[in-house]
Amino acid sequence: MLFPDLLRIFTKEQRISEKSNIDFGYNQKDYKNLIHGIQNHFRGDEIFHNWDWFKEKNHELAITIRESKLGIKRDWFLAHIFIELTIDHVLVNENKTMVKELYADLMACDKLGWELFFNKNKFGEFEMWYESFDRFNKNQYIFTYKDTDNIIYALNRICQSIGIGKFDDNQNQFLLVLLNDFIPQVKLKINELRKILE
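Given the structure is predicted, the values throughout are model-derived calculations rather than measurements. (Residues numbered from 1 in each chain as written. Predicted model: local features only at pLDDT ≥ 70, side-chain atom pairs only at ≥ 80, totals over all residues. Heavy atoms only, no water.)

## Comments concerning the packing of aromatic side chains
Note the cut-off: A pair of Phe, Tyr and Trp rings is counted when the ring centres sit within 6.5 Å of each other, with Trp represented by its six-membered ring. The angle between the planes then sorts it: under 30 degrees is stacked, over 60 is edge-to-face, the rest tilted. Each residue's exposure class comes from its accessible area (1.4 Å probe, protein chains only) as a fraction of the maximum for that residue type: buried when under 20%, exposed when over 50%, partly exposed otherwise.
Counted by the stated rule, this structure contains 26 aromatic pairs. On the numbers, 4.6 Å between centres and 45° between planes, the contact of Phe48 with Phe54 is tilted. On the basis of relative accessible area, Phe48 is assigned to the buried category, the value being 8%. Aromatic ring contacts, followed pair by pair, group Phe3, Trp114, Phe117, Phe118, Phe123, Phe126, Trp129, Tyr130 and Phe133 into a single cluster.

Dropping the structure here:
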């Protein structure tokens, strides 16, 4: 399920979408979990981004960020990522076992299988991608999302990577307060989210 995001994050410009014609080779049985995961990724994104609560909160947070007068750019995009990272924070704190299983599954994937998949689909930058993928697994970065300061740090890194710029101390403090106010709302909605994604 993570592959579309990991491809985008760990390479420069590569993307796949639900319309991409992905070739899993002649022996699709070897890639059935990857096929299923990629399909579920796009299905889940479609459901999540059309969830009324998500759309309502994205709008509310964007307005709150805009009205802060702190000069935070691209408030709608920032609100979108803010919600997703807050959900990650809640999930990591409430279900450590799920995150451990995620990393165990990722580490069970072998390099040759990934390389064959990349070659078959004419994705480039395999060695760079695999090095980042391997580091992601070894460092188990998602566990750092337990700490609210690290959520703001991750948000800051994302914004820097797309050219929005780095938050100053006032912006960081504002976003941290906003996050702490928002976490209880996410906790109340997490079971509803699970149900709509089933």
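The structure having been displayed, the exposition proceeds.
## Points about the pattern of salt bridges
Our working definition: By definition here, a salt bridge exists when the distance from a side-chain nitrogen of Lys or Arg to a carboxyl oxygen of Asp or Glu is within 4 Å. Helix numbers and strand numbers start at the N terminus; a helix is a DSSP run of H or I with at least 4 residues, a strand a run of E with at least 2.
Tallying each qualifying case throughout the model produces 6 salt bridges. Among the ionic pairs, Lys57 bridges to Glu60, the shortest N-O distance being 3.0 Å. Of this pair, Lys57 and Glu60 both sit in helix 3 (residues 52-67), separated by 3 residues, roughly a single helical turn. Judged by its relative accessible area of 10%, Lys57 is buried. Residue Glu60 is classed as partly exposed on the basis of its relative accessible area of 36%. A salt bridge links Lys189 to Glu192, with the shortest nitrogen-to-oxygen separation between them at 2.7 Å. Placement of both Lys189 and Glu192 in helix 9 (residues 169-197) is noted, with a separation of 3 residues, approximately one turn of the helix.

## Let's talk about the nonpolar core
Short version of the rule: Take the buried Ala, Val, Leu, Ile, Met, Phe, Trp, Tyr and Cys residues and link them wherever side-chain atoms come within 4.5 Å; each set so joined is a nonpolar core. Note on contacts: a residue pair is in contact if any heavy atoms of the two residues lie within 4.5 Å.
By size, the foremost hydrophobic cluster in this structure holds 61 residues, and its most contacted members are Phe3, Trp114, Phe117, Phe118, Trp129 and Leu175. Those residues in contact with Phe118 that lie beyond four places of it in its chain are Phe3, Leu7, Phe123, Gly124, Phe126 and Trp129.

## Some thoughts on the side chain of Asn156
Summarising the element assignment, Asn156 is placed in helix 8 (residues 148-161). Every residue in contact with Asn156, bar those within four places of it in the chain, is listed here: Gly165, Lys166, Phe167 and Asn172.

## Considering the packing of helix 5 (residues 96-107) against helix 7 (residues 126-139)
Short version of the rule: Every axis in this analysis is a line fitted to C-alpha atoms, fitted for helices over the stretch in contact. Angles between the N-to-C directions lie between 0 and 180 degrees. Handedness of a crossing follows from how the near helix is turned relative to the far one, being left-handed for an anticlockwise turn of less than a right angle and right-handed for a clockwise one.
At a minimum axis separation of 10 Å, helix 5 and helix 7 run at an interaxial angle of 145°. Along this stretch, helix 5 crosses helix 7, giving a crossing that reads as left-handed. Residues Tyr103, Leu106 and Met107 of helix 5 lie in contact with helix 7, whose contacting residues are Phe133, Phe136 and Asn137.

## Things to note about helix 7
Rules: To estimate the expected span of a helix, subtract one from its residue number and multiply by 1.5 Å. This arc is taken over the directions from the axis of the helix to the C-beta atoms.
Helix length check: helix 7 (14 residues) gives 20 Å between terminal C-alpha atoms against 20 Å at 1.5 Å per residue, within 8%. Buried within helix 7 are the following residues: Phe126, Trp129, Tyr130, Ser132, Phe133, Phe136 and Asn137. The buried residues of helix 7 occupy an angular sector of 165° when the element is viewed end-on, so they sit on one face. The exposed residues of helix 7 that point more than 90 degrees off its buried face are Glu131, Lys138 and Asn139. Where helix 7 is buried, its residues meet helix 1 (3-10), helix 5 and helix 6 (111-120). Gln140 sits one or two residues past helix 7 and shows a positive phi near 45°.

## Topic: the environment of Thr86
Relative to the elements of secondary structure, Thr86 occurs in helix 4 (residues 75-94). Setting aside chain neighbours within four positions, we find Thr86 in contact with Leu179, Phe182, Ile183 and Val186.

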